[in-house]
Amino acid sequence: MEGQTPGDRGLSEKPVPTAARPSLSSLGAIFILLKSALGAGLLNFPWAFHKAGGVAPAFLVELVSLVFLISGLVILGYAASVSGQATYQGVVGGLCGPTIRKLCEACFIINLLMISVAFLRVIGDQLEKLCDFLLPGAPPAPQPWYADQHFTLTLLSVLVILPLSAPREIGFQKYTSVLGTLAACYLALVIVAQYYLGPQDLAREPRLASSPSSWTSVFSVFPTICFGFQCHEAAVSIYCSMRHQSLGHWALVSVLSLLACCLVYSLTGVYGFLTFGTDVSADILMSYPGNDGVIIVARVLFAVSIVTVYPIALFLGRSVMQDFWRRGCCWACGPRALAEPSGPWVRMWLTVLWVSVTLAVALFLPDLSEIIGIIGGVSSFFIFIFPGLCLICAISVEPVGPRVKCFLEAWGVVSVLVGTFIFGQSTAAAVMELL
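Conventions used here
Residues numbered from 1 in each chain as written. Predicted model: local features only at pLDDT ≥ 70, side-chain atom pairs only at ≥ 80, totals over all residues. Heavy atoms only, no water. Axes fitted to C-alpha atoms, helices over the stretch in contact; angles between N-to-C directions. Helix = DSSP H or I, 4+ residues; strand = E, 2+ residues; numbered from the N terminus. Parallel < 35°, antiparallel > 145°, perpendicular 65-115°, else oblique. Left-handed = near helix turned anticlockwise from the far one by under 90°. Nonpolar A, V, L, I, M, F, W, Y, C, P; charged D, E, K, R; others polar. 1 Å grid on protein atoms, 1.4 Å probe; cavity = no way out; pocket = protein on both sides within 12 Å on 5 of 7 lines; lining within 4 Å. Points joined across faces, edges and corners; volume = space filled by probe spheres on them. Phe/Tyr/Trp six-rings, centres within 6.5 Å; stacked < 30°, edge-to-face > 60°. Buried < 20%, exposed > 50% of the residue type's maximum accessible area, 1.4 Å probe, protein only. Contact = heavy atoms within 4.5 Å.

Asks: Help me out: how do you make sense of the packing of helix H3 (residues 55-83) against helix H11 (residues 247-276) in this one?
Replies: Packed helices, taken two at a time, are described by the angle their axes make and the gap between the axes. Packing of H3 against H11 brings their axes to within 10 Å, and their N-to-C directions diverge by 160°. As the angle between them shows, H3 and H11 are arranged roughly antiparallel. In the packing of H3 onto H11, the handedness of the crossing is right-handed. Among the residues making up the contact of H3 with H11, the classes are represented as 19 nonpolar, three polar and one charged.

Take a look at the structure:
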């Protein structure tokens, strides 16, 4: 293994990764972490509760997953302090070696590209519904060219998403993350309120599933949970941008962020499922009438929420591409100002490339549900597998007691095994659905 820090310290005192002027406050870190998790997966949670066979089994799966989710974040902060690296892929490479790092980088790019495509697809769907509401017409009559999703999504990407994605540091996202978090909370509150008020045009009482149809249906919820709660890709970058970089402080930030996220997801999942039962759509907003003003506002604000989280995914994917550039092209590209990966020339070129590729795929992707299962499966690498491997490798160079070391190694192995199972099960199910 390479990049290991020789240990004459225990768990309580760790070297702090070097970062350029870390200035992110704890509150800012909580909002960025929370906003990283509160993404497009919010729309799928009521459908996941239906697939799991009701509120009780889905909630149980969510609580069990929450233990691993919080554990993964804490492990990544600990691994970052041990390795002295400031990126997720750097931490994995520093502790687990170059081979695992290459696997991590490949999964990183694939996962974040698919996530970015999913975000743009969700934004496009909301824009389309908004245009249908603002420009009503007879069904045979085509919408004007400026209401077409190809035009509206492209315009939004150029005028809003691209400028938000340009900053060099992730700490800038704390400002937009507050707005995005409030917008996501509004959607959850609307779904709760609609349950008690009753949505328009709901002709009959919803049919509720009383039990799971099979044990495999319960496990099918894991990809949606992984897709919904995935903020682990941003964990190392957020940790290394914080002013107070201690393991206990990071654990508190992680717990508060995921508990708040769990509350929003649970309210959305429970009340969305109770409102529509087995008839709930995979996109909960599609279950409501398109002419309801409250739902239209929810669509707009949720699109705003996704717009604010897209730059976080782009920042993380761009960091991997910058590492590729640094290793392969940095000294063969002429002047240093043009060759420096974090400089404005290379950064903007990579940002434009990322937005262009994901926008092109999103515009021609027929159905978002086709990639949700695959995204959830790949996300298990970053939530379970890589944190488990980092924990096993980190404690091998750290002076800890034999009982603590045995427990941590066992937890690392369990995390890797659980992640491998989720990846295999969800990926196989997603491929079978595509076939």
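Read on for the rest.
Asks: Just checking my understanding: could you explain empty space enclosed by the protein for this structure?
Replies: If you roll a probe as big as a water molecule over the atoms, it shows you where there is empty space left. In total, this model carries one cavity of 30 Å³ or more according to the counting rule given. Considering only enclosed or pocket space, the largest cavity measures out at about 150 Å³ in volume. In terms of lining residues, the largest cavity is bounded by 17 residues, among which Ser 36, Ile 115, Phe 119, Gln 230 and Ala 313 are the most central. Sorting the residues of the lining of the largest cavity by element identifies helix H1 (26-37), helix H5 (98-134) and helix H12 (293-328) as the ones contributing at least two each.

Asks: Honestly, the packing of aromatic side chains in this entry has me stumped. Any pointers?
Replies: The geometry of an aromatic ring pair is captured by the separation of the ring centres together with the interplanar angle, meaning the angle of the planes. A full pass over the atoms with the stated rule returns 18 aromatic pairs. When the centroid spacing of 4.9 Å and the interplanar angle of 45° are considered together, the rings of Phe 229 and Tyr 265 count as tilted. Of this pair, Phe 229 sits in helix H9 (residues 222-229) while Tyr 265 is found in helix H11, placing the two residues 36 residues apart along the sequence. Tyr 265 carries the same exposure label as Phe 229, and that label is buried.

Asks: Looking at this structure, I do not really get the environment of Val 309. What am I missing?
Replies: Within the secondary structure, Val 309 is located in helix H12. Residues Val 309 and Ser 165, spaced 144 residues apart in sequence, show a C-alpha to C-alpha distance of 9.8 Å. Residues within four places of Val 309 in sequence aside, it is in contact with Lys 35, Ser 36 and Phe 119.

Asks: Looking at this structure, I do not really get helix H4 (residues 88-96). What am I missing?
Replies: In an α-helix, one turn spans 3.6 residues; hence positions three or four apart end up facing the same way. Of all the nine residues making up H4, nine are buried; the element is thus mostly covered by neighbouring parts of the structure. Taken together, the buried positions of H4 are Tyr 88, Gln 89, Gly 90, Val 91, Val 92, Gly 93, Gly 94, Leu 95 and Cys 96. Positive backbone phi, approximately 100°, marks Gly 97, located one or two places after H4.

None of the figures reported here should be taken as evidence of function without further support.
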